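# Structural description and commentary
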Amino acid sequence: MKFGNSQIVKEKKQELGEKSSLKSVDLLSRFLSSGHSDENFNIDIVISFILAGRDTTSAAFIWFFLLASKHPNVENEILKEINDKSEAATFEEVKDMVYTHTTLSESMRLYPPVPVDRKEVIDDDVLPDGTLIKKGTRVAYHPYAMGRSEKLWGSDLAEFRPERWLETRDAAAEKWSFMAKDPYTYPVFQAGPRICLGKEMAFLQMKRVVSGMLRRFRIVPAFEEGIQVVFIAHLLSKMKGGFPVRIEERV
Ligand code: HEM
């Protein structure tokens, strides 16, 4: 990020102060214009927009499009599903994109946008398995490792297989039924009372983007000769050097 979050808030306030009418219709402007003056609150809002809401879904797309391009059978299933929806899919249609939902869930199992998440214990506590943890201890849960655990996912854990999320398939009606995993098995959005607030929104956005893009274009990886895909786990799951792609229009 080029600027710190406080800088973003400061600049936006200045911009709003200079303009008599609200030309800028972004969410931060709306928060500031509606009288939220607490600096920390506004900085937290910026963090939520940028980190929680935007960077997570873009990290998910890197791996989703890579895996979809490497598994044409999966991409074809998605295409079958999106091709019978309208060009700008409606809310009801997006909800009906079960296979696309499944594929996103499977790609985030292997490449969770938040690969590891750390917490600090504020008071002495006991974990569900009886482990005592003292105030000040740092604990972490590891969605990346858990998504690759044989105990949780079986011996084919390394395989990209969206079908593992499908409970039944009404072959006649070509209807899939999505089998959600409990969030403690699949903590990609965290679990418990502080589970991601934007989970449903994220799926909605991602399914609309996937359907809008794949319907018209093929996303073809365009790595230079000899370049290996390297997974980087910082705050978010990234690809070393970025994900170079060629966008080809479908004919
Ligand atoms: C694929 C996309 C996403 C993933 C994988 C994801 C994952 C997560 C995770 C792991 C946390 C817990 C962070 C922590 O406690 O340290 C979290 C929290 C949160 N997420 Fe998401 N997120 C995604 C998209 C979104 C979107 C689109 C929004 C907003 C529209 C959003 C809003 C939030 C908020 C507000 C929290 C804080 C909840 C709380 O602390 O009570 N997220 N998310």
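Analysis parameters
- Residues numbered from 1 in each chain as written.
- Predicted model: local features only at pLDDT ≥ 70, side-chain atom pairs only at ≥ 80, totals over all residues.
- Heavy atoms only, no water.
- Helix = DSSP H or I, 4+ residues; strand = E, 2+ residues; numbered from the N terminus.
- Buried < 20%, exposed > 50% of the residue type's maximum accessible area, 1.4 Å probe, protein only.
- Contact = heavy atoms within 4.5 Å.
- Areas by Shrake-Rupley, 256 points an atom, 1.4 Å probe, with all protein chains shown as cover.
- Near = heavy atom within 4 Å.
- Polar contact = N/O pair within 3.5 Å; in protein donor to acceptor, adjacent residues only side chain to side chain.
- Nonpolar A, V, L, I, M, F, W, Y, C, P; charged D, E, K, R; others polar.
- Donors = N, O, S within 2.8 Å, 3.2 Å for Na, K, Ca; no water.
- Axes fitted to C-alpha atoms, helices over the stretch in contact; angles between N-to-C directions.
- Parallel < 35°, antiparallel > 145°, perpendicular 65-115°, else oblique.
- Phe/Tyr/Trp six-rings, centres within 6.5 Å; stacked < 30°, edge-to-face > 60°.
- Lys NZ or Arg CZ within 6 Å of the ring centre and 35° of its normal.
- Lys, Arg positive; Asp, Glu negative; His and termini not counted.
- Salt bridge = Lys/Arg side-chain N within 4 Å of Asp/Glu carboxyl O.

For the protein, the name recorded in an unreviewed UniProt entry is Cytochrome P450 94A2, with Camellia lanceoleosa as its organism.

Before going further, it helps to spend a moment on the overall build of the protein. Helix and strand counts for the protein come out as nine helices and 10 strands. Seen through its C-alpha atoms, the protein measures out along the principal axes to roughly 60 × 55 × 45 Å. Within the protein, buried positions represent 37% of all 251 residues. The contacts of the protein with a sequence gap of at least 6 include a subset with a gap of at least 24, amounting to 62%. Total accessible area computed for the protein in this model is approximately 15300 Å², and 55% of it derives from carbon and sulfur atoms.

This paragraph deals with the site of the ligand. Neighbouring the ligand are 20 residues, the closest being A52, D117, K119, R194 and C196. In this structure, an oxygen atom belonging to the ligand sits 3.2 Å away from a side-chain N or O atom of Q190. R194 is positioned such that a nitrogen or oxygen atom in its side chain is 2.7 Å from an oxygen atom of the ligand. Taken together, the residues of the shell around the ligand sort by class into 12 nonpolar, five polar and three charged.

Donor atoms from the protein around the iron atom of the ligand number only one, C196 (SG), found at 2.3 Å. Among the secondary structure elements, C196 is positioned in the loop between β6 (175-178) and α9 (199-216).

In this section: the packing of helix α6 (residues 98-110) against α9. The contact between α6 and α9 brings their axes to 10 Å, and the two run at 110°. With respect to α9, the axis of α6 lies roughly perpendicular. Residues T100, H101, L104, S105 and M108 of α6 form the contact with α9, whose participating residues are F203, M206, K207 and V210. Within the contact of α6 with α9, the residues separate by chemical class into five nonpolar, three polar and one charged.

Relative placement of two packed helices is described by the angle separating their axes and the distance separating the axes. Contact pair helix α3 (residues 39-70) / helix α4 (residues 72-83): the axes reach a minimum separation of 5 Å and the direction vectors enclose 105°. Between α3 and α4, the interaxial angle falls into the category roughly perpendicular. The segment α3 lies against α4, with F64, A68, S69 and K70 engaging P72, E75 and I78. Grouping the constituent residues of the contact of α3 with α4 by class yields four nonpolar, one polar and two charged.

Here we take up the packing of aromatic side chains. Under the defined criterion, the tally for this structure stands at 12 aromatic pairs. Taking the centre distance of 4.6 Å and the plane angle of 25° together, the rings of Y144 and F231 count as stacked. Taken together, the positions of Y144 in helix α7 (residues 143-146) and F231 in strand β8 (residues 231-233) put the pair 87 residues apart, joining distant regions of the chain. The partly exposed category is assigned to Y144, whose relative accessible area is 21%. Using a relative accessible area of 22% as the deciding quantity, one classes F231 as partly exposed. In textbook terms, an aromatic cluster arises when at least three aromatic residues are bridged by ring pairs, as seen for W63, Y111, Y144 and F231. Between R109 and the ring centre of W153, over which it is positioned, the NZ or CZ distance is 5.3 Å. In this structure, R148 is placed above the aromatic ring of Y111, and the distance from its NZ or CZ to the ring centre is 5.1 Å.

All right, on to the environment of K135 then. Inspection of the secondary structure puts K135 in the loop between β3 (132-133) and β4 (138-141). Placed 111 residues apart in sequence, K135 and R246 show a C-alpha to C-alpha distance of 50 Å. Not counting chain neighbours up to four residues away, the residues in contact with K135 comprise V121, I122, D123 and D124.

Our next topic: the side chain of K207. Its location among the elements puts K207 in helix α9. E81 is the oppositely charged side chain nearest to the buried, salt-bridge-free K207, at an N-O distance of 7.1 Å. Each residue touching K207, except ones within four places of it in the same chain, is listed here: V94, K95, M97, T100, H101 and L104.

Below, the discussion takes up unusual backbone geometry. Even without glycine at this site, Q190 takes up a positive phi of about 70°. On the secondary structure map, Q190 appears in the loop between β6 and α9. Given the relative accessible area of 14%, Q190 is considered buried.

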